Amino acid sequence: MRARWVIVGLIAVLLSCTSERPAPSETPAAPFVAQDQMYFSNGEAEPAARPFAEVAVTTAKLPVITRPDATKMIIRTATALIEVDSLESAVAQVKQLAARVGGYVANSGMELGGSRRRQAVIQVKIPADRFEEAVSGLKPIGKLESDNVNAQDVGEEYVDVIARIDNARRLERRLIDLLATRTGKLKDVLDVEQELARVREEIERYQGRVRYLEAHTAVSTLTVTLHEPVPVVGEAGESIMGDAFRGAWRNFVVLVAGFVQSLGILIPLGALAFVVWVVVKRSRRVAPQSTT
């Protein structure tokens, strides 16, 4: 009977010890911190070391771009030389053509008057799918003297740049995972962050090239040079009858100027001749009187 009470007492003591044990903490364990510490010049340790898991890592959010077909990556440019009757009217027709095909005038310049030929140079940006329509629309404007079309296939370069972007993105993800999981010295963190910045800069450079290729293949360039016909007589930009009247007036002015200049010689000679005539006349009158 006594042994039974001893067993009951031991069980009660064990239960009381179990109830007084503190509950485990629900806060997560602190991440592992690198054991190596950096020391300053005075020998004091760095106030607090930071784990690699706490390094701020952000992934650039780039817009989702629908890539065009690489087989259609062609940059088209064309130049045309057209002779027109009226320069101003032809320039207006080219601008109307650009608007009709969904393009716009990028640059324009005109040479008017003077001794040079009247001409205009217009650069038009046109959607690539309506390039042929724009080129054929130049014929009604005037006499098409020449047209040159240049097509540059950049599909291979486009595919190569896209592959470089994909490889760089994979390397970027690996560096981000390395920063988020690996522990070690602070110098290792800085080296990985520097490499990550270099990879992102490389990605941005490749994306810039991709945007350039996509923009120049989506829009073609057409450069149109318009000029009026060279006149058979006279110079370009001048009136033949106007030149004739101006020439007649210049000749009249030259004649009057020559006559005025000749007065400097005619007046002294006329005065001298008049004096000689007077002397001779008087001498003839005196001669008969002396003979009588």
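Residues numbered from 1 in each chain as written. Predicted model: local features only at pLDDT ≥ 70, side-chain atom pairs only at ≥ 80, totals over all residues. Heavy atoms only, no water.

### Notes on the overall build of the chain
Note the following rule: Starting at the N terminus, helices and strands are each numbered in turn, a helix being any DSSP run of H or I of at least four residues and a strand any DSSP run of E of at least two. Partly exposed describes any residue whose relative accessible area lies between the buried limit of under 20% and the exposed limit of over 50%, with all areas from a 1.4 Å probe on protein chains only and scaled to the type maximum. Contact criterion: two residues are considered in contact whenever any of their non-hydrogen atoms come within 4.5 Å of each other.
Secondary structure assignment for the chain yields 6 helices and 5 strands. Helices and strands in the chain line up, N terminus first, as α-β-α-β-β-α-β-α-α-β-α. Here the chain, with 292 residues, has 22% of them falling under the buried criterion. Contacts in the chain between residues far apart in sequence, at least 24 positions, make up 80% of those at least 6 positions apart.

### Regarding the nonpolar core
Note the cut-off: Buried Ala, Val, Leu, Ile, Met, Phe, Trp, Tyr and Cys residues that are joined via side-chain atoms within 4.5 Å together make up what is termed a nonpolar core.
Core analysis: the largest hydrophobic core is formed by 23 residues, its most contacted members being V84, V94, L138, L222, V224 and L226. When residues of this core are assigned to their parent elements, the largest contribution, 6 residues, is made by helix α2 (residues 87-100). Among residues more than four places away in sequence, those in contact with V94 are I122, V124, I141, V224 and L226. With 10 residues, the next largest nonpolar core counts Y158, I165, Y206 and V210 among its residues.

### Observations regarding the confidence of the model for the chain
Inclusion rule: Values of pLDDT, the confidence the predictor places in each residue, fall between 0 and 100.
Mean pLDDT over the chain: 75, with 67% of residues reaching 70 or higher. Every residue in residues 17-64 is under pLDDT 50, and counting partners more than four places away or in other chains gives 43 contacts.

### Section: the packing of aromatic side chains
Formally: Two rings belonging to Phe, Tyr or Trp (six-membered ring only in the last case) form a pair when the distance between their centres is within 6.5 Å. Interplanar angles under 30 degrees mark stacking, angles over 60 mark edge-to-face geometry, and anything in between is tilted. Counted as over-ring charges are cases with an Arg CZ or a Lys NZ within 6 Å of the ring centre that also lie within 35 degrees of the ring normal.
Considering all chains together, one arrives at 2 aromatic pairs under this definition. Both rings, one in W249 and one in F252, keep their centres 5.8 Å apart while their planes meet at 35°; by these two values the pair is tilted. Of this pair, W249 and F252 both sit in helix α6 (residues 240-291), 3 residues apart, which is roughly one turn of the helix. Take W249: its relative accessible area is 57%, and that puts it in the exposed class. In this structure, R205 is placed above the aromatic ring of Y206, and the distance from its NZ or CZ to the ring centre is 5.7 Å.

### Re helix α4 (residues 155-181)
Short version of the rule: By definition here, a helix of n residues has an expected span of 1.5 Å times n minus one.
The terminal C-alpha atoms of α4, which comprises 27 residues, lie 40 Å apart, in line with the 39 Å expected from a rise of 1.5 Å per residue. Turning to α4, its buried residues are G155, Y158, V161, I162, I165, A168, E172, L175, I176 and L179. Here the buried face of α4 lies against β4 (143-153) and α5 (186-218).

### Notes on the environment of E88
The following threshold applies: Counted as a polar contact is a pair of N or O atoms within 3.5 Å, where, for protein atoms, one must be capable of donating a hydrogen and the other of accepting one, and residues adjacent in sequence contribute only when both atoms are in side chains.
Inspection of the secondary structure assignment puts E88 in helix α2. Using a relative accessible area of 42% as the deciding quantity, one classes E88 as partly exposed. Each C-alpha atom of the pair E88 and M110 lies 9.6 Å from the other, and the pair is 22 residues apart in sequence. Non-local contacts of E88, meaning those with residues more than four positions away in its chain, are made with L112, R118 and E228. Within the structure, E88 has its side chain in polar contact with the side chain of R118 (distance 2.9 Å).

### What about the pairing of strand β5 (residues 219-227)?
Note the threshold: Here a strand pair is declared whenever DSSP counts at least two bridges between the two strands.
Burial runs high along β5: 7 of the 9 residues are buried. Of the pairings in the sheet, the one linking strand β1 (residues 74-83) to β5 comprises 7 bridges and is parallel in character. Each bridged residue has a counterpart across the sheet, and for L81 the counterpart in β5 is T225. Relative to β5, strand β3 (residues 119-127) runs antiparallel, the two sharing 9 bridges. The residue bridging V121 from the neighbouring strand is T225, located in β5.

### Description of the environment of A80
Note that A80 resides in strand β1. Considering only alpha carbons, one finds A80 and V224, 144 residues apart in sequence, at a separation of 4.9 Å. Once residues within four sequence positions are removed from consideration, A80 is found in contact with L138, L144, S146, D147, T223, V224 and T225.

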